[in-house]
Amino acid sequence: MIKEEISIVIVDDHPMLLKGLSDVLTGRRYPVLDSALNGFDAVDIILTRRPVIAILDIEMPGLSGFEVIKKCCEQECQTKFIILTSHKEKAFIQKARDLKISGYLLKDEPFHEIEACILAVAAGGEYFSRSFNEVFRKEISPLLERIQFLSPSEKKIVQLIAQVKTSKEIGEMLNISHRTVQKHRANIISKLVLPPGRDVLMAWAIENREFLSSL
């Protein structure tokens, strides 16, 4: 897809940033269809104009960027979404992944990074800021290292635990005894190096449910 075909809507509650980004994109031959300063207007504009890409901040009056995206997706909108924000905390990044958002960038990124994201997303890919590499390295890599020590049976059990299944339900589903499930749970806790505590394995499994479902 060439630049002239990548229609864009920009949503941010900071007028100067909104105008600045719009001017730069227009100068680079991207058709900027419209812009909005709040979440409510954003939903109306995106659903009416149906741009190829919508670039949104997270924190805005009315509806957050995440809420705008959710409402648009509920209407089967085919627009692809890029978050442009100051937030780089793990919870925000994970929320973006849960919503299957195509791009996530920080506002202090140089324009060439924003353009690289736009082109990647327009081509059907996803693009997350390189600034998050450190977050993924610290949070995801240790998880991968620990998970690899689980047997296939243990991986299946922890996936079911993430679905809030009890040991009795897991035993019935896998045709094994309750005692065997309990033994597996103890082995999983040991291999994952989880701290002692009631329901600690379930809490960990629910927190990492999306990752576990991909195993």
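This is a predicted model, so every value here is computed, not measured.

Q: Got a minute to help me understand the state of the cysteines in this structure?
A: Disulfide: a covalent bond formed between the sulfur atoms of two cysteine residues. Under the defined criterion, the tally for this structure stands at zero disulfides. Here Cys72 stays unpaired: no disulfide links it, and the sulfur of Cys77, its closest cysteine neighbor, is 5.1 Å away.

Q: How should the pattern of salt bridges be read in this particular structure?
A: A side chain with one charge may pair with a side chain of the opposite charge, provided their charged atoms come close. For the structure on display, the rule yields eight salt bridges. Between Asp57 and Lys107 there is a salt bridge whose closest N-O contact spans 2.9 Å. Here Asp57 is found in the loop between strand E3 (53–56) and helix H3 (65–74), whereas its partner Lys107 is found in the loop between strand E5 (103–106) and helix H5 (111–122), with 50 residues between them in sequence. Asp57 sits in the buried class, given a relative accessible area of 5%. Classification of Lys107 by relative accessible area gives partly exposed; the value is 23%. Bridged by salt links that share partners, the residues Lys3, Arg28 and Glu115 form one connected network.

Q: Is there a simple way to explain the nonpolar core in this structure?
A: Soluble globular proteins tend to bury their nonpolar side chains together. Counting 26 residues, the largest nonpolar core has Ile46, Leu56, Val68, Phe81, Ile83 and Tyr104 as its most contacted members. Where this core is concerned, the elements lending two or more residues are strand E1 (8–11), helix H2 (39–49), E3, H3, strand E4 (80–85), helix H4 (90–98) and E5. Leaving out residues up to four positions away in the same chain, Tyr104 has contacts with Ile58, Ile83, Thr85, His87, Phe92, Ile93, Ala96, Tyr127, Phe128, Ser129 and Phe132. Leu18, Tyr30, Leu84 and Cys117 belong to the second largest nonpolar core, which has 19 residues in total.

Q: What's the story with the sheet that holds E5 in this structure? I'm lost.
A: The pairing of strands in a sheet happens through backbone hydrogen bonds and is either parallel or antiparallel. Taken in spatial order, the six strands make up an open sheet running E2-E1-E3-E4-E5-E6, and their pairing is parallel. One side of each edge strand has no neighbouring strand; the edge strands of this open sheet are strand E2 (32–36) and strand E6 (127–128). Packing of H3 onto the sheet brings it into contact with E3 and E4, and relative to E4 it is tilted by some 175°.

Q: Just to check I follow, could you spell out helix H7 (residues 152–162) for this structure?
A: Along an α-helix, residues three or four positions apart point the same way, because every turn accommodates 3.6 residues. When H7 is considered as a whole, its buried residues turn out to be Glu154, Ile157, Val158, Gln159, Leu160, Ile161 and Ala162. Downstream of H7 by a residue or two, Val164 has a phi angle that is positive, lying close to 65°.

Q: Before we go on, may I ask you to explain the packing of helix H1 (residues 15–27) against H5 in this structure?
A: Two packed helices can be described by the angle between their axes and the distance between those axes. With their axes 12 Å apart at the nearest point, H1 and H5 run at an angle of 65° to one another. Here H1 lies roughly perpendicular to H5, going by the angle between them. H5 is crossed by H1, and the crossing has right-handed handedness. Along the contact surface, H1 presents Leu21, Val24 and Leu25, while H5 presents Phe111, Ile114 and Ile118. Residue composition of the contact of H1 with H5, by class: six nonpolar, no polar and no charged.

Q: I tried to follow the pairing of E3 on my own but got confused; where do I start?
A: Within a regular beta strand, the side chains point alternately toward one face of the sheet and then the other, so they alternate between its two faces. The side-chain alternation of E3 yields two buried faces, one formed by Ile53 and Ile55 and the other by Ala54 and Leu56. In this structure, E3 lies alongside E4, joined through four bridges in parallel fashion. Counterpart to Ile55 in the pairing with E4 is Ile82.

Q: When you look at the environment of Glu154 in this model, what are you seeing that I'm missing?
A: The topology assignment puts Glu154 in helix H7. Residue classification places Glu154 among the buried positions, given a relative accessible area of 4%. Considered as a pair, Glu154 and Phe81 are 73 residues apart in the sequence and their alpha carbons are 36 Å apart. If near-sequence neighbours (up to four positions away) are discounted, Glu154 is found in contact with Phe149, His184, Asn187, Ile188 and Lys191.

Conventions used here
Starting afresh in each chain, residues are numbered from 1 along the sequence in its written order. With pLDDT at 70 or above as the cut-off, local features in this predicted model cover only qualifying residues; side-chain atom pairs require 80 or more to be listed or tallied, and sums for whole chains, interfaces and linings still use all residues. Hydrogens are left out, water is left out, and the side-chain values use all remaining heavy atoms of the structure. In plain terms, two cysteine sulfur atoms within 2.5 Å form what is called a disulfide here. Basic side-chain nitrogens of Lys or Arg form a salt bridge, by our definition, when they fall within 4 Å of a carboxyl oxygen of Asp or Glu. Only DSSP runs of H or I covering at least 4 residues are called helices, and only runs of E covering at least 2 are called strands; the numbering of each starts at the N terminus. Buried means the residue's accessible area, taken with a 1.4 Å probe over protein chains only, is under 20% of the maximum for its type, while exposed means over 50%, and partly exposed covers the values in between. The term nonpolar core refers to a set of buried residues drawn from Ala, Val, Leu, Ile, Met, Phe, Trp, Tyr and Cys, joined through side-chain atoms within 4.5 Å. Note on definitions: a residue-residue contact is assigned when non-hydrogen atoms from the two residues lie within 4.5 Å. We call two strands paired when DSSP finds no fewer than two bridges between them. Only C-alpha atoms enter the line fits that serve as axes; for helices the fit covers just the stretch in contact. Angles between N-to-C directions range over 0 to 180 degrees. The cut-offs work like this: below 35 degrees is roughly parallel, past 145 is roughly antiparallel, 65 to 115 is roughly perpendicular, and the gaps in between are oblique. Crossing chirality is assigned from the near helix's rotation relative to the far helix, an anticlockwise turn below a right angle marking it left-handed and a clockwise turn marking it right-handed. Residues are grouped as follows: Ala, Val, Leu, Ile, Met, Phe, Trp, Tyr, Cys and Pro are nonpolar; Asp, Glu, Lys and Arg are charged; all remaining types, including Gly, are polar.

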